[in-house]
Amino acid sequence: MAFPSRLIEGYRAFSQYRLPGEQDRYRELAQSGQAPQVMVIGCCDSRVSPEVIFDARPGELFVVRNVANLVPPYAPDGAYHGVSAALEFAVGALRVRHIVVLGHAHCGGVQAFAEERAPLSPGDFIGRWMSLLAPAAAKLEARREAPDYLGRLERASIVNSIDNLMTFPRLAALIAQGRVTAHGAYFGVATGELSVLDRATGEFVRVGGSY
Ligand SMILES: [Zn+2]
């Protein structure tokens, strides 16, 4: 099975055009180790790459992506917890200053939850994973038939994930001390617009940009 030619071409373009400008930075980062200030929790969706949206350079963003950018609640139960492990590392070792939950429009995971789609497989990892959305859906006053219901659920889910961040005791303490700040952001896939959650009002406010 051949390695995907698109990736070979992409790597060639990277090594020809981008790497020369970043080579020193990569060397420095290799020596000193990474020290990103920002952790982003994003969706696996191929259209919503945090490094692209935030025009990030190597070493700037510590990114964990999962289906529908969800943060599970703190659960030290001996099971495998990828997001919690990434959070622990970001907060405990890297000492990031900001944690951004980045949601987006047209999220397939959120849509599957809202439409109560049949599981893709008998194991149904997605169904169980998406059940993390239930508290957000329960709090939402809008009904499923309401205009932009999916958008509202996508944004409510971001707030719910931030609430779940607060269930991690060490992280909650750092947030209370003002040493870490939790943020929500929402990317409009079709428009390219970014909105940022105003925690005081609960509203998502569009970020000005030249689009
Ligand atoms: Zn998504």
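Higher on the page you've got the structure.
Residues numbered from 1 in each chain as written. Predicted model: local features only at pLDDT ≥ 70, side-chain atom pairs only at ≥ 80, totals over all residues. Heavy atoms only, no water.

A. Broad picture of the coordination of the zinc ion. The protein atoms that coordinate the zinc ion are Cys-43 (SG), His-104 (NE2) and Cys-107 (SG), at distances of 2.0 to 2.2 Å. Within one chain, the residues serving as donors to the zinc ion are arranged as C-x60-H-x2-C. Placement of Cys-43 in strand S1 (residues 38-43) and of Cys-107 in the loop between strand S3 (98-104) and helix H4 (108-114) is noted, with a sequence separation of 64 residues between them. One exposure class covers both Cys-43 and Cys-107, and it is buried. (Donors = N, O, S within 2.8 Å, 3.2 Å for Na, K, Ca; no water. Helix = DSSP H or I, 4+ residues; strand = E, 2+ residues; numbered from the N terminus. Buried < 20%, exposed > 50% of the residue type's maximum accessible area, 1.4 Å probe, protein only.)

B. Broad picture of the nonpolar core. Ranked by size, the top nonpolar core spans 26 residues in total, and within it Met-39, Ile-41, Val-71, Leu-87, Ile-99, Leu-165 and Leu-171 carry the most contacts. When contributions to this core are tallied by element, the ones reaching two or more residues are S1, strand S2 (61-66), helix H3 (82-94), S3, helix H7 (149-165), helix H8 (169-176) and strand S4 (181-187). With five residues, the top contributor of residues to this core is H3. Residues Leu-133, Ala-142, Leu-153 and Ala-156 belong to the second largest nonpolar core, which totals 16 residues. (Core = buried A, V, L, I, M, F, W, Y, C linked by side-chain atoms within 4.5 Å.)

C. Seen up close, the sheet that holds strand S6 (residues 203-206). Taken together, six strands build an open sheet; the order of strands is S2-S1-S3-S4-S5-S6 and the sheet is mixed. The open sheet has two edge strands with one neighbour each: S2 and S6. Geometrically, the sheet is characterised by an average inter-axis angle of 30° between neighbouring strands, direction not taken into account. Docked against the sheet, H3 engages S1, S2 and S3, running at close to 170° with respect to S2. (Pairing = 2+ DSSP bridges. Axes fitted to C-alpha atoms, helices over the stretch in contact; angles between N-to-C directions. Contact = heavy atoms within 4.5 Å.)

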